[in-house]
Structure formats: structure tokens, C-alpha cells
Amino acid sequence: MTGLLVGAIFGAVFVVVNAHSPLNTVTGNVLRVAACLAAASVIAMWFLTARKEKPSAGSRPNMYSRGYLIIVAAEAVLLFGGIRVLAAWDRPEQTNVAWVAFVVGVHFIALAPVWKDWGIAVPGVILTLLGVAGLVMASTAVVAWVPLVSGVLSGVVLLMGAVAFGWRAMTARTA
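Residues numbered from 1 in each chain as written. Predicted model: local features only at pLDDT ≥ 70, side-chain atom pairs only at ≥ 80, totals over all residues. Heavy atoms only, no water.

A. Local environment of the overall build of the chain. Scanning the chain from N- to C-terminus turns up six helices and zero strands. Order of helices (α) and strands (β) in the chain, N terminus to C terminus: α-α-α-α-α-α. Relative to the compact-globule value of 16 Å for 175 residues, the chain shows a C-alpha radius of gyration of 17 Å, a close match. In terms of overall dimensions, the chain has C-alpha extents of about 55 × 40 × 20 Å along its principal axes. Expressed as a percentage of the 175 residues in the chain, the buried residues total 35%. Sequence separation of at least 24 residues holds for 70% of the intrachain contacts in the chain that already meet a minimum separation of 6. Only carbon and sulfur atoms are counted for the fraction: they give 73% of the accessible area of the chain, which is about 10,100 Å². For the chain, the distance from the average position of its 11 positive side-chain charges to the average position of its 5 negative side-chain charges is 13 Å. (Helix = DSSP H or I, 4+ residues; strand = E, 2+ residues; numbered from the N terminus. Rg over C-alpha atoms; globule rule 2.2 N^0.38 Å. Buried < 20%, exposed > 50% of the residue type's maximum accessible area, 1.4 Å probe, protein only. Contact = heavy atoms within 4.5 Å. Areas by Shrake-Rupley, 256 points an atom, 1.4 Å probe, with all protein chains shown as cover. Lys, Arg positive; Asp, Glu negative; His and termini not counted. Charge placed at Lys NZ, Arg CZ, Asp CG, Glu CD.)

B. The side chain of T95, seen in detail. Tracing the chain through its elements places T95 in helix α4 (residues 95-115). According to the relative accessible area criterion, T95 is buried, its value standing at 1%. Once you skip the residues sitting within four places of it in the chain, T95 turns out to touch L86, L135 and A138.

C. Highlighting the packing of aromatic side chains. Across all of its chains, the model carries four aromatic pairs by this definition. Look at W46 and F47: their rings are 4.9 Å apart centre to centre, the planes differ by 80 degrees, and that puts the pair in the edge-to-face class. According to the relative accessible area criterion, W46 is partly exposed, its value standing at 24%. You can call F47 partly exposed: its relative accessible area is 49%. Among the aromatic side chains, those forming a connected cluster through ring pairs are Y64, Y68 and W115. (Phe/Tyr/Trp six-rings, centres within 6.5 Å; stacked < 30°, edge-to-face > 60°.)

D. Summary view of the layout of surface pockets. By volume, the largest pocket amounts to about 1,700 Å³. G3, L4, V6, G7 and F108 are, among the 50 residues lining the largest pocket, the residues nearest its centre. For the lining of the largest pocket, the elements supplying multiple residues, two or more each, are α1 (2-18), α3 (66-88), α4, α5 (121-137) and α6 (146-174). With ten residues, α1 is the single largest residue contributor to the lining of the largest pocket. (1 Å grid on protein atoms, 1.4 Å probe; cavity = no way out; pocket = protein on both sides within 12 Å on 5 of 7 lines; lining within 4 Å. Points joined across faces, edges and corners; volume = space filled by probe spheres on them.)

E. Main features of the packing of α4 against α5. Closest axis-to-axis distance for the α4/α5 pair is 7 Å, and the angle between their directions is 155 degrees. In terms of axis orientation, α4 runs roughly antiparallel to α5. Along this stretch, α4 crosses α5, giving a crossing that reads as left-handed. Contacts from T95, A98, W99, A101, F102, V104, G105, V106, F108, I109 and A112 of α4 reach α5 at A121, G124, V125, L127, T128, G131, V132, G134 and L135. Its residues assigned to classes, the contact of α4 with α5 shows 14 nonpolar, six polar and no charged. (Axes fitted to C-alpha atoms, helices over the stretch in contact; angles between N-to-C directions. Parallel < 35°, antiparallel > 145°, perpendicular 65-115°, else oblique. Left-handed = near helix turned anticlockwise from the far one by under 90°. Nonpolar A, V, L, I, M, F, W, Y, C, P; charged D, E, K, R; others polar.)

Written out as C-alpha cells, the structure is:
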């Protein structure tokens, strides 16, 4: 459930930060409120599930293995280094959110075999594609819509996945 909690928080951040113009104010605010409510529901499910879980020694694989640490380090280098490169190339500011979505998506895909959880590759592929779409859009007249496509939609994907899998985990424990 901790991974879902992290995904929900980052999903909400994606939406809150990127739900702005060219969207109208009402739509942006509705998206922000919905994102915060979705994240809050995952936090509530996390607490409810954590209370019911009985710790058992050695039953969980180490999520923070060497492979995980290498992937996260590469992600940090790609995120910050890529944004610096985009700035040096005088790319529009909106390109940054597309780059972030792309790198986060690739990070999920790379983590799937490390964690032996192919379910996380699905949002990874979707975020990667939304990032690529934004990178392409950044070179066109629709550059203002990149935050919606690469930011808001990426956040919605993360939130929907976190809510759905959180609900499934919570109800499985009560059944």
C-alpha cells in the first residue's frame, strides 16, 4: 500500500500543479479538488489497511533493493539533467512537464522486473506515452496544452490506479 500512497500523492501533485490555463478556472479547480479527494481516499485506505495488517517476519521482499536504488538514482539524474538540457535548448517551459511524465513512466517500466510486479508497467507505459505526446506537442502551436496532456492526465492515471488498487487491497483484507 505504501507504493499506492506515493503514487496518489504524486498524482495529486501532477494535477494540482498543471490544472491551469488554457483550462478555464472552474475546470482547473474541479480537477484540483477531485485530485485531492482521490489522494485523501488513498491515504484513508492506507491507514485502514495498515491497522489491519499483521506484521510477519520475512514475508515481504525488500522493495528498496540495489536495483531500486539504481533506478531511482538514474531517474533523478535524468529528471534534473534533462530539464537543464531542455532549458539550454531553449525549449518552451511546458516541455518540462512532458519530460517529467516521460521519465517517471520509464521508471515504472524499469521497476516492474526489479519488483517482479508487471502491474506497475501499465501506468508506466501510459505515462511514458503521455510524456512523448507532450514532447511532440511542445514543438507545435498547441504547446499550451502540454500541461493538461502530460501533467493532468498523468496525474489522473496515477490517482485512478492508486484508488482502484487501494480499494482492491483494502477489500481483500476485509473479506
